[in-house]
Structures are given as structure tokens and as C-alpha cells.
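Listed here are the chains, written in short residue letters.
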Amino acid sequence: MINVTKSYLGNKDKFIAYVDRIYDTGWLTNQGPLVMALEQRLQEYLGVRNIILTNNGTIALQIAYRALGLTGSAITTPFSFVATTSSLQWEGIRPIFADIDEATWNIDPERIEACIAPDTSAIVATHVFGNPCAVEHIQRIANRHNLKVVYDGAHAFGVRHGGQSVFNWGDISTLSFHATKLFHTIEGGAIVTNDDALAARIRLLCNFGIVDTDIIQGIGINAKLNEFSAAMGLCILDDIEDILDQRAEIGQRYERELGGYFDLQAPQPGSQRNYSYFPVALANELQLLRSREQLNDNGINPRRYFYPSLDTLEYLQPQAPQPRSRALSRRVLCLPIYPGLPPKVQSRVIQTLIHESIHSEQASRALFNPLVRAFDLAQPQLTVATCKRIS
Ligand SMILES: *Cc1c(COP(=O)(O)O)cnc(C)c1O
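Residues numbered from 1 in each chain as written. Predicted model: local features only at pLDDT ≥ 70, side-chain atom pairs only at ≥ 80, totals over all residues. Heavy atoms only, no water.

Looking at an unreviewed UniProt entry, one finds the chain named Aminotransferase DegT and attributed to Stutzerimonas degradans. Taken directly from UniProt, the Sequence similarities (unreviewed entry) text for the chain runs: "Belongs to the DegT/DnrJ/EryC1 family." (UniProt positions renumbered as here; feature names shortened; annotations may be inferred.)

Draft legend 1. Fine view of the sheet that holds strand β4 (residues 94–97). As summarised here, the arrangement of the 7 strands in space is β2-β10-β9-β6-β5-β3-β4, forming an open sheet in which the pairing is mixed. The open sheet has two edge strands, β2 (50–54) and β4, and neither has a second partner. For this sheet, the mean inter-axis angle between neighbouring strands, taken without regard to orientation, is 25 degrees. As judged from the 4 bridges shared by strand β3 (residues 73–76) and β4, these two strands associate in the parallel manner. Within β4, the residue paired with Ala74 across the bridge is Pro95. Contacting β2, β5 (120–126), β6 (148–152), β9 (172–176) and β10 (189–193), helix α3 (residues 57–67) runs over the sheet at an angle of about 165 degrees to β9. Sheet contacts for helix α6 (residues 135–145): β5 and β6; angle to β6, the most-contacted strand, approximately 150 degrees. (Pairing = 2+ DSSP bridges. Helix = DSSP H or I, 4+ residues; strand = E, 2+ residues; numbered from the N terminus. Axes fitted to C-alpha atoms, helices over the stretch in contact; angles between N-to-C directions. Contact = heavy atoms within 4.5 Å.)

Draft legend 2. Structural context of the site of the ligand. Near the ligand lie 15 residues; those nearest to it are Thr58, Asp152, His155, Ser176 and Lys181. Here an oxygen atom of the ligand sits 2.7 Å away from a polar atom, N or O, in the side chain of Ser176. Isolated, the ligand exposes 380 Å² of accessible area, and the fraction of that covered by the protein chains is 92%. Those elements that provide at least two residues to the shell around the ligand are α3 and α4 (82–90). Among the residues making up the shell around the ligand, the classes are represented as 3 nonpolar, 10 polar and 2 charged. (Near = heavy atom within 4 Å. Polar contact = N/O pair within 3.5 Å; in protein donor to acceptor, adjacent residues only side chain to side chain. Areas by Shrake-Rupley, 256 points an atom, 1.4 Å probe, with all protein chains shown as cover. Nonpolar A, V, L, I, M, F, W, Y, C, P; charged D, E, K, R; others polar.)

Draft legend 3. Local environment of the UniProt feature "modified residue: N6-(pyridoxal phosphate)lysine" (unreviewed entry) in the chain. Following the UniProt record, one finds the feature "modified residue: N6-(pyridoxal phosphate)lysine" (unreviewed entry) at Lys181. Exposure remark for Lys181: the relative accessible area of 16% places this residue in the buried category. The contacts of Lys181, once residues within four sequence positions are left out, are Ala154, His155, Ser176 and Tyr277. (Buried < 20%, exposed > 50% of the residue type's maximum accessible area, 1.4 Å probe, protein only.)

Draft legend 4. Quick look at helix α9 (residues 240–258). The terminal C-alpha atoms of α9 lie 26 Å apart, and with 19 residues this matches the ideal 27 Å at 1.5 Å per residue to within 8%. Those residues of α9 that fall on the buried side of the exposure criterion are Ile240, Ile243, Leu244, Arg247, Ala248, Ile250, Gly251, Arg253, Tyr254 and Leu258. (Expected span 1.5 Å × (residues − 1).)

Draft legend 5. Just the environment of Tyr305, in detail. Considering the arrangement of structural elements, one finds Tyr305 in the loop between β14 (300–301) and α11 (323–329). Judged by relative accessible area, which is 17%, Tyr305 ranks as buried. Residues Tyr305 and Cys334, spaced 29 residues apart in sequence, show a C-alpha to C-alpha distance of 6.2 Å. Beyond its immediate stretch of four places on either side in the chain, Tyr305 contacts Val4, Phe79, Phe129, Tyr277, Val332 and Cys334.

Following this line, the structure appears as C-alpha cells:
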């Protein structure tokens, strides 16, 4: 089965060389030399001031909320991975959804202000599929209402906006280095901030509040990354330019060949993409389900990211419905994209989707408009012309 992604495994000999070093030193975790080296290299590669590695991307979000002292409620997006919302609820912060922008698929800044409640302490937004949020607009709103801004940057590794890392916007950005992500450490994550005092507080939170052997300063938890994970990250970082190039090549082919048939995510102006995912919005849910079935029959396993819309989560009810997010979540399918995806397989994905789209257009017209259908049957050349038009 061809899946939506395939975990990247770097050079095995290089990884084993790192493992040999771990066996030599016996240092497995707790701010080991490989974790320190990876932090240093990521800081330089991404162009950020402070990066603190964590053992996953969900706890990175939880620690971000704690470090900023968030309370009450936070305005957030209904169209993201469940962890963006569940981490808020888990930390006792009530998520309030602001619906998404129909073009960029990110939280719509125009909708944020109307959602702010007296107890709102933050905006928690996702750069969905690596597409930067309207960061300047969001910052203006945050300044006006004295709100903190946290970006869930789990998809945005390496993405730049306005000539610098997208992680330089907001008070904190969090990353996930889960095995399915573009850059990974098997399990892992990171917290980025330009504020040195905040970074120091985050380091304490990640390590039980332990300052040194005899001093514990405030409550903390265990969010430390281990040395084996850091070794994986160091190996993969060596190949990152090639990973990004290969993804861009596959992503741009999808754009060229599918752009005329389907709605694609509109890139945020002033930024480039990392092709961490390739989402496509089909005409409707029926077409999505049929296309998925066809692809499955061809040995291809696309994924519905993100479905269901987070405002429908049972543990948050009752909840104001978010119609744009609900509508989009019923239409989006993420297609296979990863280094080494065979071009032949990509052709099959593209052909299957286009075929299903033309077929379902014809079927729905036949179903809903018997007059058009009778007309088409009488004049077969018109059907061909219609297919050409939608192609
Ligand atoms: C993957 C992901 C997370 C969670 O990261 P983990 O490392 O799996 O805990 C959070 N938010 C988004 C948007 C994600 O895609």
C-alpha cells in the first residue's frame, strides 16, 4: 500500500555511528550532547533565537500555554489536527473557534475579534499544511486586546514568511517531529521563542522545574528528548535540502496537473511552501469517498486531514458550528507526497482523481438534471465539450 507519507530514514551507517557514540558515553537522555548539537543546528538552519527540543509536539503546545500563563479561553482554529484543540482543553483552557479563511484554510483574522470573550488570554493558530497564517494581522489584533499568540507550526518546518522563519512570529511557535512529519526525530517536537527569559522558563517546565540537583523552581513536567531521537534528527537534517527539493517537485506536479480540476489551498502572499502535505479539495464528500475508494483499489491510501472539523468534537459540545471548516473538512483529501514517491504512482493518483471527477460531474448532472441529460444524449459532442471545459 502507498500511504499518504512514508517516514524518512536517513543514512543508516551515519545513524549507527551516532549510536556507537551513545554506547561509548552511556549518555542516553537529559540534555545530552546530541540533543544540544541538534538544538544548535536547528537554531542556525531555521534562523530562530531559542529552540527547546521536546519529546513530542503535543506537550510542546501544553508547555507553551503554561509558560505564557494562559487561562480562561483561547481563540483557535477548527481546521487542524486534534492536538491543537485537545491540548487547550487538557490544560483547562476553553477553546473558542473562529472559522477559517476559504482560500488559505487558516484561521480567518476577520473572525477573531468577534470571538474574544472577557476571559480570553490567547490566540492559538495553526499554519495549516505549512501555509503561514495572516501573522501580521493576527499580531495587530493580539496587541489591541493584550492577547498572547501561539502558533502550532507542526507542519511548517523550514517555511519562511517575509524573508525569515515563520517561527519568528507570535510569542511561541511549536513544532512536531513525529515520524510522519517532514523533519522528524521518531517522536519529538520543539518550542521556539525569541524571548530569552521565556526560553529559560520553558527549559525548567520541560525538566520538572529542576534548576540543579538541590533546587526545584515551580512545577514542571518531563518533556525531554532522548539521544537516540536526536541522532535521528541529526542524520535527517543533513539531507533536508534534498527532502525539500523532492517534495517540491512532487507537489508542483500535483499543482500543475490537478489545479484545473480541484480547489487547492491558496498560498499566503509573501511566503513559500514546504510541501509537507498535498491537500486537495474535491467537489463534495461523495466525490471524496468515491475517489478514496478508487485509490484504495489501486493500492493507494490517501488520508482525510483534517476530518472531522474540531468544532464537532463530542467533548466540546455544545459549540457554535463553524460552517466553512465543516464544509472544507468534508472535501479535503491529502495525497501521497514524500521523497522517493515513484512518478508512476503519482500518475495513477492524478489519473484516478481526474477520472472520478469527470465521472461524478456527469453522474450528478444525470441525476439532478434529466433535461440536461436528455440534451447530452441527443448531442454527444456536447458531453465531450463539457469534459474539455472542466479539464
Ligand atoms: C502532528 C501534529 C501535532 C502533534 O504532534 P505530536 O508530535 O504527534 O504530538 C500537533 N499539531 C499538528 C497540527 C500536528 O500535525
